[in-house]
Amino acid sequence: TKSNDLAETDEVAELLPSLPKETSWRSGYMYRYQGFWCPEKQISAVIAFQRHFVAHKTDTILVTLPKTGTTWLKALAFSIMNRAKYAASQNPLNSFNPHGLVPFFEYKLYANNQIPDLSVFPSPRIFATHVPYPSLPDSIKNSSCQIVYLCRNPFDTFISLWHFISQARPERFGPLSLEDSFDRFCNGVAGFGPFFDHVLGFWTKSLERPEKVLFLKFEDMKEDINSQLKRLAEFLGCPFSAEEERDGVIEGISKLCSFSNLKDKEANKTGMSIPGFENNTLFRRGEVGDWVNFLTPDMVDRLNKIMEQQLAGSGLQF
Ligand code: A3P
């Protein structure tokens, strides 16, 4: 690991005043960088990632918006790709939080002005990011590495985000208003958003280049995890064999990565795998449709109208 050139030149400090700025949901600011709202703390990591990351052909990059099921996807992809390496009882997910096994570029690898030495990662490597498609490093777009994108309906994503940030926000700022947060979410002002730009960027690519981008939905995974696991394994070039299917390997992975199983692991009840966020706050309810308990009919109406307009003609539905 070495120090990055951004720290040396203070380039980020010079860039920030030129960018549109909003107070963040949590503390500090978010900046609109290359069209997306990037939390202040992650900006230099994102730029270093864009400049320095060199993708390998065999890499898998998991991409999500915050609170759309990142932790679950990390667990599933890790388990699929390492299934020959560990017996179920030996799987590192029993003793590590998924974010410790599949690191984020912007919260971990390129954070703190570091350029990581990624040659230490055994191949095939798995990494994760919230960065939208147009801002991914050219090396990811142009090499034959693969992208798995997971999205979730905007209603549940918003409610999950509101709870998550409410818990992480310093107490001195007072409670995070549901109404204000909703207004900002609807206006696209949320980390790595606007929501629909992010989702549509990957949706469009998945249609253009299905061998490059696999597009998954949280709701489909909740409805039938085994068939989505099969899709994922096929896409990653390691489909389950007939023998594995017969031996219950798919069900074993679904179970290992299930909300109820992971939530109760010691490693997920304590500690902090993403700086500033307690591991236990990553596991709240893990259901579809919890938004009905929080949003007023007017709010639902407003977001439905935005969704209709944004997704019109795309073929994508929630
Ligand atoms: P809720 O707040 O609706 O419960 P992320 O991992 O991107 O931060 O997303 C967090 C959301 O995924 C939370 O949603 C969390 O409870 C849910 N989640 C975490 N692990 C899960 C799992 N193994 N299965 C299903 N949902 C999970």
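Fair warning: this is a prediction, and the values are worked out from it, not measured in the lab.

K.L.:
Is there a simple way to think about the environment of N94 in this case?
P.N.:
Note that N94 resides in the loop between α4 (70-81) and α5 (98-101). Among the residues examined, N94 registers a relative accessible area of 25% and is labelled partly exposed. Sequence separation between N94 and R284 is 190 residues; the distance between their C-alpha atoms is 19 Å. Excluding residues that lie within four positions of it along the chain, N94 makes contacts with A88, S89, L256 and K265. In this structure the side chain of N94 is engaged in a polar contact, spanning 3.2 Å, whose partner is the backbone oxygen of S89. Looking at N94, its side chain comes within polar contact range of the side chain of K265, at 2.9 Å.

K.L.:
Looking at this model, I keep getting lost on the site of the ligand. Mind explaining?
P.N.:
Neighbouring residues of the ligand: 17 residues in total, closest T70, T71, S160, R285 and G286. Contact between the ligand and S160: an oxygen atom at 2.6 Å from a side-chain N or O atom of the residue. At three residues, the largest contribution of residues to the shell around the ligand is made by α4. A class-by-class count of the residues in the shell around the ligand yields six nonpolar, seven polar and four charged.

K.L.:
How should I be thinking about the packing of aromatic side chains in this particular structure?
P.N.:
Each aromatic ring pair is specified by the distance between its two centres and by the angle formed by the two planes. Taken as a whole, this structure holds 28 aromatic pairs when the rule is applied. Ring geometry for W25 and F158: centres 6.0 Å apart, planes at 65°, overall edge-to-face. Of this pair, W25 sits in the loop between β2 (21-23) and β3 (29-33) while F158 sits in helix α8 (residues 154-168); the two residues are 133 residues apart in sequence, bridging distant segments of the chain. Each of the two residues, W25 as well as F158, counts as buried. Counting every residue linked through ring pairs, the aromatic cluster contains W25, F158, F182, F185, F195, F196 and F318. Here the basic side chain of R26 rests over the ring of F277, its NZ or CZ set 4.4 Å away from the ring centre. The cationic tip of R152 hangs over the ring face of F218; the distance from NZ or CZ to the ring centre is 4.0 Å.

K.L.:
Help me understand the pattern of salt bridges in this model?
P.N.:
In total, this model carries 12 salt bridges according to the counting rule given. Where E11 meets R51, a salt bridge forms, and the shortest distance between an N and an O atom there is 2.5 Å. Of this pair, E11 sits in helix α2 (residues 11-15) while R51 sits in helix α3 (residues 43-52), and the two are 40 residues apart along the sequence. Between K230 and E245 there is a salt bridge, with its nearest N and O atoms 3.4 Å apart. Taken together, the residues K230 in helix α12 (residues 225-235) and E245 in helix α13 (residues 242-246) connect sequence positions 15 residues apart. On the basis of relative accessible area, E245 is assigned to the partly exposed category, the value being 36%.

Quick notes on the rules
Residues numbered from 1 in each chain as written. Predicted model: local features only at pLDDT ≥ 70, side-chain atom pairs only at ≥ 80, totals over all residues. Heavy atoms only, no water. Helix = DSSP H or I, 4+ residues; strand = E, 2+ residues; numbered from the N terminus. Buried < 20%, exposed > 50% of the residue type's maximum accessible area, 1.4 Å probe, protein only. Contact = heavy atoms within 4.5 Å. Polar contact = N/O pair within 3.5 Å; in protein donor to acceptor, adjacent residues only side chain to side chain. Near = heavy atom within 4 Å. Nonpolar A, V, L, I, M, F, W, Y, C, P; charged D, E, K, R; others polar. Phe/Tyr/Trp six-rings, centres within 6.5 Å; stacked < 30°, edge-to-face > 60°. Lys NZ or Arg CZ within 6 Å of the ring centre and 35° of its normal. Salt bridge = Lys/Arg side-chain N within 4 Å of Asp/Glu carboxyl O.

Such coordinate-based values are descriptive only and should not be taken to indicate function.
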